[in-house]
Amino acid sequence: RSTARIRPILQTMHPATTAFLTSTTLSTRSTHAARSNRFGALTMVTTPNKIVRTAPNPVKPKQRARVTRDIKTPDPIPEEGQAAALALMQSGRLYRYNTLPHERSEVSVCESEIAAYTGHKYCVALNSCGSALMLLLKTTDLPPGGKVISNAFTFGAVPSAIQHANGTAIYVESDFNHVMDVADLAKKLSAHPDCKHVLVSHMRGKVADMAAIQALCDKHGAVLLEDCAHSLGVRYKEAHSGHVGRACAISSQSYKMLNSGEGGFLLTDDPAIAARAAVYAGAYEDLNSKHVTVPGPEHFKGLPETIPNYSMRMSNLAAAVIRPQIKTLDERIEKYNARYAALAGRLEESCGAHLSIPVVTPEVSRMVHDSLQFNLDEKFSKAMTQQFLEECKAHGLPVELFGHRSNARNFVNWKFAPAEEPLPKTAKMLARSCDVRLPLMWDDEDFEVMAEVLTESLEKVLVDAGMPVCEEEA
């Protein structure tokens with residue numbers, strides 16, 4: 001109420017009380033709107049002899065969103081795969097080469113189906129993608145101690161495979177789109193003219209400018225190989241990922257598009273690589289004859305006696321649970337991509353001033369978004385970034401920071417294959433790059449809650465730091 005309206009009542013009161021209420025009323029005018037939003041409206045109650053200033057009516061803070069689902073929920077094995085696995089266990093024929101005459105093993109059929117999906121001529125199934133990565137190098141004649149150029153941003157399994165093949169890793173910077181920096185690759189190839197292997201990792205399915213990378217490899221006489229552990233289903237131009245290099249590796253580890261717990265495949269159109277991979281994996285004597293997706297016997301002549309058997313074969317049990325999942329790949333990819341588009345769009349709309357989402361390379365004709373990555377803005381200090389992670393976790397959403405001191409994707413943690421040169425661009429990116437899984441088994445509503453948790457956690461950090469949440473507040 002205005003001072004003029006309450007002045008007659010004030011005149012009947014004690015001078016000290018009059019002075020207090022008058023000053024309170026005047027000062028309240030300028031701040032009332034702001035305070036009423038946070039604490040509730042100020043109320044004046046009049047009686048014939050006095051004015052009573054009542055207690056505020058506080059506005060209850062909004063309940064924070066909370067994720068209640070397990071972020072690491074894997075895709076279940078289809079019933080068809082469960083039945084096939086049970087039948088195998090009942091037969092006891094788990095070993096890929098233990099087949100009846102003229103019978104194709106589960107592994108051989110699985111190799112054929114994988115090769116048909118990716119469009120490769122040859123396929124060798126293995127016990128892990130790490131084994132496949134190592135064999136990419138062994139089958140392309142990496143010498144002992146030979147240098148292998150690879151991404152500074154990838155999973156620790158990649159430098160581990162290089163070390164396993166007795167190679168020496170040389171790292172190339174990765175950019176804020178989470179792909180290999182082509183300009184830095186050119187510098188590294190020029191600085192290491194004795195390096196004849198380039199292993200490009202499509203981390204989280206993000207494919208770099210492979211045409212430019214291939215041109216550089218051709219210029220320097222280096223073999224190009226592709227780590228497609230995360231890019232099954234991704235298409236570069238008109239082909240499936242893994243066709244630019246001479247060979248590639250894909251994964252069937254539980255958190256990938258195919259789930260057999262552990263498993264991997266080496267894919268190529270090169271008959272010499274395929275034959276050697278099969279023998280390295282365990283096709284001793286004449287067991288290559290039990291394969292379907294390998295070249296003819298002339299390519300195996302003398303190999304079992306000249307290269308070692310590393311016993312890296314996939315079992316029939318793993319192949320049996322993989323096969324029905326191949327049939328649903330495209331359907332699941334469509335679902336992943338639709339959910340990602342909705343989630344990414346919401347985050348860009350509500351938080352676009354405070355984060356950026358990596359941009360897909362233009363030549364990628366189909367992406368597979370089974371996870372979400374974003375880069376926090378540079379205004380986020382190390383403490384603010386940590387607070388954001390803690391806020392998300394406190395509300396049921398574990399968000400991983402690629403640059404965390406314990407993250408296996410942070411190159412500083414690869415003490416077994418350390419970087420010999422500074423990688424400032426990658427280090428800067430990793431310091432604020434976040435990673436969130438998008439479990440297929442969740443419901444659409446769960447991703448709406450995920451968006452709320454991410455948004456509210458980010459806003460809480462900004463408010464605590466005294467920074468504007470909205471651009472118009474700046």
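Cut-offs used in this document
Residues numbered from 1 in each chain as written. Predicted model: local features only at pLDDT ≥ 70, side-chain atom pairs only at ≥ 80, totals over all residues. Heavy atoms only, no water. Pairing = 2+ DSSP bridges. Helix = DSSP H or I, 4+ residues; strand = E, 2+ residues; numbered from the N terminus. Axes fitted to C-alpha atoms, helices over the stretch in contact; angles between N-to-C directions. Buried < 20%, exposed > 50% of the residue type's maximum accessible area, 1.4 Å probe, protein only. Polar contact = N/O pair within 3.5 Å; in protein donor to acceptor, adjacent residues only side chain to side chain. Contact = heavy atoms within 4.5 Å. Parallel < 35°, antiparallel > 145°, perpendicular 65-115°, else oblique. Left-handed = near helix turned anticlockwise from the far one by under 90°. Nonpolar A, V, L, I, M, F, W, Y, C, P; charged D, E, K, R; others polar.

1. So, the sheet that holds strand β11 (residues 264-268)
The strand order across the open sheet formed by seven strands is β3-β11-β10-β7-β6-β4-β5, and the pairing between neighbours is mixed. Of all the strands in the sheet, the pair left with one neighbour each is β3 (122-126) and β5 (168-172). Ignoring strand direction, the axes of neighbouring strands in this sheet form an average angle of 20 degrees. The sheet contact formed by strand β4 (residues 147-151) and β5 spans five bridges and is parallel. Paired with Ile149 across the strands is Ile170, a residue of β5.

2. Quick notes on helix α9 (residues 271-281)
Most of α9 is tucked away, with nine of its 11 residues classed as buried. When α9 is considered as a whole, its buried residues turn out to be Ile273, Ala274, Ala275, Arg276, Ala277, Ala278, Val279, Tyr280 and Ala281. The residue sitting at the N-terminus of α9 and contributing the capping side-chain oxygen is Asp270; that oxygen lies 2.9 Å from the backbone nitrogen of Ala272.

3. What about the sheet that holds strand β15 (residues 400-401)?
Within a sheet, neighbouring strands are paired by backbone hydrogen bonds and run either parallel or antiparallel to one another. Pairing is antiparallel across the open sheet formed by four strands, whose spatial order is β12-β14-β16-β15. Lying at the two open borders of the sheet, with one neighbouring strand each, are β12 (355-356) and β15. Here two bridges tie β15 to strand β16 (residues 433-437), and the two strands are oriented antiparallel to one another. Across the sheet, residue Glu400 finds its bridge partner in β16, namely Asp435. Contacting β14 (371-376), β15 and β16, helix α13 (residues 382-394) crosses the sheet at an angle of about 150 degrees to β14.

4. What about the packing of helix α3 (residues 79-91) against helix α11 (residues 316-327)?
Running from N to C, α3 and α11 cross one another at 160 degrees; their axes reach a closest spacing of 8 Å. By the criterion of interaxial angle, the relationship of α3 to α11 is roughly antiparallel. For the element pair α3 and α11, the recorded crossing hand is right-handed. Here Glu80, Gly81, Ala84, Ala85, Leu88 and Met89 of α3 lie close against α11, whose contacting residues are Asn316, Leu317, Ala320, Val321, Pro324 and Lys327. Of the residues that constitute the contact of α3 with α11, the class distribution is eight nonpolar, two polar and two charged.

Functional significance is not addressed by these values, which are geometric in nature.
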